[in-house]
Amino acid sequence: MAVVTPVAPRTRRNVEAALLILALGIAVGAYGLVGIAESDELPPDLLAFGAGLAALSGAIHVVLRLRARYADPVMLPIATAINGLGLVIIHRLDVAEEAKLGEALYPRQLLWTALGTGAAVAVLLLVRDHRLLSRYTYTTMAGGLVLLLLPLVPGLGLEVRGARIWIDLGFSSFQPGELAKIVLIVFFAGYLVTARDSLSLVGRRFLGLQLPRGRDLGPLLVAWLASLGVLVFERDLGTSLLFFGLFVALLYVATERMSWIVIGLLLFSAGAFGAWTMFSHVQTRVDIWLNPFDPENADRSYQLLQALYGMASGGLLGTGFGEGRPDIVPFAESDFVISSVGEELGLTGLFALLLLYGLLVERGLRTAIGVRDGFGKLLASGLAFSVALQVFVVAGGVTRVIPLTGLTMPLLAYGGSSLLSNWMIVALLLRISDSARRPAPIVPAIPAPFLDPEEDEEYLDDDAEGTDAAASGEGGVPAGVDADDARPVEVDPGPGDPGPDGPGPDGPGSDGPGSGGPGSGGHDIGDPGAGGSGAGGSGSGGPGAGARERVMVP
């Protein structure tokens with residue numbers, strides 16, 4: 001007899017440790033190249049930088065070994081590599097600008113990196129099962145709206161360069177929209193997992209598209225109006241685009257209906273055209289996007305032009321870390337960090353960075369496919385889409401694919417709120433991937449009861465007799481239903497015309513009681529016909545010709 005032994009899948013934690021060493025090597029090597037380009041020798045704090053980054057990423061790795069053994073082994077090394085490169089770029093810009101200790105951005109970003117990895121550890125420890133988040137669907141909706149409205153509170157919100165998206169914490173500023181992005185994704189996933197049937201199955205077809213009902217368009221219209229509100233009152237084009245794009249993407253994932261994409265694009269086009277006609281800052285960004293080399297836009301497009309010139313000077317392989325001039329570009333550490341990468345690492349390095357982001361998004365979508373519950377699928381899809389949309393918006397704006405929006409590259413650009421929220425996104429994806437890759441619990445088989453051979457034979461004989469009695473049609477009980485277990489027959493009116501009562505044909509005789517055949521006629525209200533008489537006994541009549549019987553078995 002063959003014995004099947006279940007084999008548990010490997011956790012791949014050792015693979016994750018090896019990839020972490022590679023990611024740390026990339027970051028430490030880049031940090032060393034900056035020091036060599038600056039002073040022809042390795043920086044004195046090289047080991048401290050490597051040890052600190054290793055301790056932060058190693059803490060998450062240890063938590064994964066203890067609390068999420070089956071989590072995806074690639075996400076953490078990718079996030080560590082991107083975060084490490086971001087720290088190196090910010091340090092390199094501090095060196096180029098000869099920033100003093102109080103003005104340097106690198107120590108602040110290192111502090112926010114520690115807070116971000118600490119938040120990731122807290123998420124992994126507190127969220128033991130991602131499905132628990134579905135209980136707070138409407139709580140997260142309220143929390144997300146509060147976070148989006150906080151910058152509008154007088155005395156709390158800050159307006160920087162025309163946008164009102166920060167709040168003053170006293171010791172630092174914070175962008176609550178980054179956290180609102182996460183809690184709103186939880187709300188979208190919780191809402192759509194319960195409403196997807198009505199959103200996907202009900203509606204009319206028009207021009208090959210399955211259009212939803214008017215009442216089902218409500219959530220999409222609310223999201224559209226909320227995104228326009230963010231654009232109007234906070235002058236934040238990037239957050240409004242990200243907010244609306246996330247909801248449309250999750251609608252498509254939940255319903256698999258192309259009509260939601262078409263409706264979303266139409267609403268986006270209408271909102272974009274309305275914003276362009278009504279708001280001067282949107283008109284300025286569109287004009288810079290279309291005509292950056294126009295002499296009339298020389299001042300307004302200076303930042304974009306310097307970024308384009310810098311990436312052009314980098315060429316295919318780049319100038320090398322510490323050998324370019326990315327500090328000429330305004331805000332090269334935040335909004336235009338892509339231009340710094342393109343100048344000193346070249347087109348090859350920029351493609352490699354975008355490939356890392358692509359792998360991170362791919363692992364998130366793979367997690368969404370593998371997880372077993374609908375809420376987890378939508379949550380993982382939303383988190384992965386948030387990273388993908390943010391990367392597209394930022395990289396597209398710097399390279400003139402789309403107008404500038406003001407968002408930051410996840411895990412790379414300078415900004416504490418962005419770094420904190422994106423580490424939390426990575427932690428949530430790791431938690432969901434642990435559920436997706438964890439083997440299903442094995443349910444032990446229930447053994448059959450042991451029967452004595454003599455009792456077994458008697459049991460089979462009794463069962464055979466019951467089957468024969470049921471097949472004989474005693475009492476008008478149809479075949480396959482035990483006569484002892486059947487309830488009284490309920491006869492429905494049949495469609496036939498009433499027929500005359502008459503004797504049925506004789507049933508076959510036997511030593512026992514004979515079974516009568518069906519009556520030759522009966523009323524359509526279900527009166528049974530008279531049964532025939534058997535040779536060894538009297539038979540019982542079956543139902544009339546126009547009647548239908550219904551037997552209910554407990």
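Check the entry above for the structure.
About the cut-offs
Residues numbered from 1 in each chain as written. Predicted model: local features only at pLDDT ≥ 70, side-chain atom pairs only at ≥ 80, totals over all residues. Heavy atoms only, no water. Helix = DSSP H or I, 4+ residues; strand = E, 2+ residues; numbered from the N terminus. Buried < 20%, exposed > 50% of the residue type's maximum accessible area, 1.4 Å probe, protein only. Contact = heavy atoms within 4.5 Å. Areas by Shrake-Rupley, 256 points an atom, 1.4 Å probe, with all protein chains shown as cover. Phe/Tyr/Trp six-rings, centres within 6.5 Å; stacked < 30°, edge-to-face > 60°. Expected span 1.5 Å × (residues − 1). Axes fitted to C-alpha atoms, helices over the stretch in contact; angles between N-to-C directions. Parallel < 35°, antiparallel > 145°, perpendicular 65-115°, else oblique. Left-handed = near helix turned anticlockwise from the far one by under 90°. Nonpolar A, V, L, I, M, F, W, Y, C, P; charged D, E, K, R; others polar. Salt bridge = Lys/Arg side-chain N within 4 Å of Asp/Glu carboxyl O. Patch = residues over 30% accessible without salt bridge, like charges linked within 9 Å, V, L, I, M, F, W, Y side chains within 5 Å. Polar contact = N/O pair within 3.5 Å; in protein donor to acceptor, adjacent residues only side chain to side chain.

Helix and strand content of the chain: 15 helices and seven strands. Expressed as a percentage of its 554 residues, the buried residues of the chain come to 45%. Across the chain, every contact between residues at least 6 apart in sequence was considered, and the portion connecting residues at least 24 apart equals 70%. Of the roughly 27,900 Å² that the chain leaves accessible, carbon and sulfur atoms contribute 63%.

Moving on: the packing of aromatic side chains. Throughout the structure, instances matching the rule amount to 10 aromatic pairs. For the ring pair F188 and F247, a centre distance of 4.7 Å and an interplane angle of 55° mean the geometry is tilted. Here F188 is found in helix α6 (residues 176–201), whereas its partner F247 is found in helix α8 (residues 237–255), with 59 residues between them in sequence. For the residue pair F188 and F247, the accessibility class agrees, reading buried in each case.

Its 19 residues give α8 an end-to-end C-alpha distance of 27 Å, which sits within 8% of 27 Å, the value for a rise of 1.5 Å per residue. Counting buried positions along α8 gives 15 out of 19 residues, so the element sits mostly inside the fold. Once α8 finishes, E256 follows within two positions and takes phi at roughly 60°, a positive value.

So, about the packing of helix α2 (residues 46–67) against helix α3 (residues 75–96). At a minimum axis distance of 11 Å, the contact between α2 and α3 shows a crossing angle of 160°. Here α2 lies roughly antiparallel to α3, going by the angle between them. Crossing handedness for the pair α2 and α3: right-handed. In this structure, α2 uses F49, L53, S57, I60, H61 and L64 to contact α3, whose residues at the interface are L76, T80, G84, L87 and V88. Tallied by class, the residues present in the contact of α2 with α3 amount to seven nonpolar, four polar and no charged.

In this structure the tally under the stated criterion is nine salt bridges. Taking the shortest distance from any N to any O, the salt bridge between E344 and R92 comes out at 2.5 Å. Highlighted residues: E344 in helix α12 (residues 337–370) and R92 in helix α3, separated in sequence by 252 residues. The exposure classification of E344 matches that of R92, with both residues buried. One salt bridge in this structure joins D434 and R431, with 3.6 Å as the shortest N-O distance. Taken as a pair, D434 and R431 lie in helix α14 (residues 416–437) at a separation of three residues, close to a single helical turn. Classification of R431 by relative accessible area gives buried; the value is 4%. Each of R431, D434 and R438 takes part in a single network of salt bridges with overlapping partners.

The geometry of a pair of packed helices is captured by two quantities: the angle between their axes and the separation between those axes. Where α12 contacts α14, the axes come no closer than 9 Å and their chain directions differ by 40°. It follows from the interaxial angle that α12 and α14 lie oblique. α14 is crossed by α12, and the crossing has left-handed handedness. Residues G364, T367 and G370 of α12 lie in contact with α14, whose contacting residues are L429, I432, S433 and A436.

Looking now at unusual backbone geometry. Keep in mind that most residues, glycine aside, have a negative phi and that most peptide bonds are trans. Positive phi values are uncommon outside glycine, yet R12 reaches one of about 65°. Take R12: it is sitting in the segment before α1 (13–39). Positive phi values are uncommon outside glycine, yet D40 reaches one of about 60°. Positionally, D40 belongs in the loop between α1 and α2.

So, on to the environment of F351. Along the chain, the position of F351 falls in helix α12. In this structure the C-alpha to C-alpha distance between F351 and V341, which are 10 residues apart in sequence, comes to 9.9 Å.

Here we take up a nonpolar patch on the surface. Taken together, the side chains of V15, L19, L22 and I26 define a hydrophobic patch exposed on the protein surface, amounting to about 310 Å² of accessible area. The residue L19 is located in helix α1 in this model. Residue L19 is classed as partly exposed on the basis of its relative accessible area, which comes to 31%.

Now for the side chain of R363. Structurally, R363 can be placed in helix α12. A distance of 2.8 Å separates a polar atom in the side chain of R363 from a polar atom in the side chain of D72. Among residues more than four places away in sequence, those in contact with R363 are D72, P73, V74 and M75.

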